[in-house]
Amino acid sequence: MSNDTLTHWLPELMKITAAEINDKLYEWLSPIDRKRFTCLYARLEKVVAWKSPNKGKKAKTDQGRRSRLIGRLYERLLVVLFTARGGLSVETNLRNTTSEIDLLLKVEPSGLALPLLRDVGPHVVGEAKCHANPPSSQLVNEMVAFLQTVSAKLGLLFVFCSSRVLKSEVRTAIAIHSARGTIIVPVGRKQLEAVRDGAPIMRVLSTQRVDAENHLTKLAI
């Protein structure tokens, strides 16, 4: 006996919550190789925590190598977020006439269904700052100036300092630039760990954009 009737399937479909559907859509629109992401994240954490056992010049040499390795690992980690060619596709380390673009994220047709990307134009720029220091208002201002040179409305500022709530002056700088049409979304360990633990990257970025544009006191990285 066939159960292919509305009477049978409608109650089954109604059991699926809107939240489940939303997360599945987010994941479908921007899938991630989570196994690779988790592996790279764990390796990056180990390298960031590593201290040279040497002294003097050898220690400086070791730290220089460590810094270069951190930069490479961080970039590889961020690229994994967008290599599946979902709502965003990625190119890295591109040079224009004046500077270098860490991550050039192109908005694909499916990306137009995402609230994060609906009003930002054809591309987004990502900047990778794997520093111990938290982002400052000066860094925000510098990124805004750079975005304007490449006609980008949205910039993802990726940082890897210890997690914290952003200072008031940083939140204010982000809000002022947003009101003027250039949006900076800070992304840190808090957001990357949420992705590692299973959250869809586009949901994480969308939430962070809303918090940033409203300069909420809970805005954290």
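The preceding data block contains the structure.
These numbers come from a predicted model, not from an experiment.

Asks: Go over the pairing of strand S1 (residues 88–95) with me, naming the residues and quoting the values.
Replies: Here seven bridges tie S1 to strand S2 (residues 100–107), and the two strands are oriented antiparallel to one another. Within S2, the residue paired with Ser89 across the bridge is Lys106. The antiparallel hairpin formed by S1 and S2 contains four residues in its connecting segment.

Asks: I'd like a description of helix H4 (residues 56–80), backed by residues and values.
Replies: For H4, which comprises 25 residues, the first-to-last C-alpha distance of 36 Å matches the rise-based estimate of 36 Å (1.5 Å per residue) to within 8%. Turning to H4, its buried residues number three or more, namely Ala59, Asp62, Arg66, Ile70, Leu73, Tyr74, Leu77, Leu78, Val79 and Val80.

Asks: Explain the packing of helix H3 (residues 34–49) against helix H7 (residues 189–196) to me, and be specific about the residues and the numbers.
Replies: Between H3 and H7, whose axes approach to 10 Å, the crossing angle comes to 140°. Relative to H7, H3 is oriented oblique. For the element pair H3 and H7, the recorded crossing hand is left-handed. Taking contact as the criterion, the partners of Arg34, Phe37, Thr38, Tyr41, Glu45 and Val48 in H3 are, on H7, Arg189, Leu192, Glu193, Val195 and Arg196.

Asks: Describe helix H5 (residues 137–149), listing the residues and the values that go with them.
Replies: With 13 residues, H5 should cover 18 Å at 1.5 Å per step; its first-to-last C-alpha distance of 19 Å lies within 8% of that length. Where H5 is buried, its residues meet S2, strand S3 (123–129), strand S4 (154–159), helix H6 (168–179) and strand S5 (183–187). Looking at the residues trailing H5, positive phi occurs at Ser151, about 55°.

The rules behind the values
- Residues numbered from 1 in each chain as written.
- Predicted model: local features only at pLDDT ≥ 70, side-chain atom pairs only at ≥ 80, totals over all residues.
- Heavy atoms only, no water.
- Pairing = 2+ DSSP bridges.
- Helix = DSSP H or I, 4+ residues; strand = E, 2+ residues; numbered from the N terminus.
- Expected span 1.5 Å × (residues − 1).
- Buried < 20%, exposed > 50% of the residue type's maximum accessible area, 1.4 Å probe, protein only.
- Axes fitted to C-alpha atoms, helices over the stretch in contact; angles between N-to-C directions.
- Parallel < 35°, antiparallel > 145°, perpendicular 65-115°, else oblique.
- Left-handed = near helix turned anticlockwise from the far one by under 90°.
- Contact = heavy atoms within 4.5 Å.

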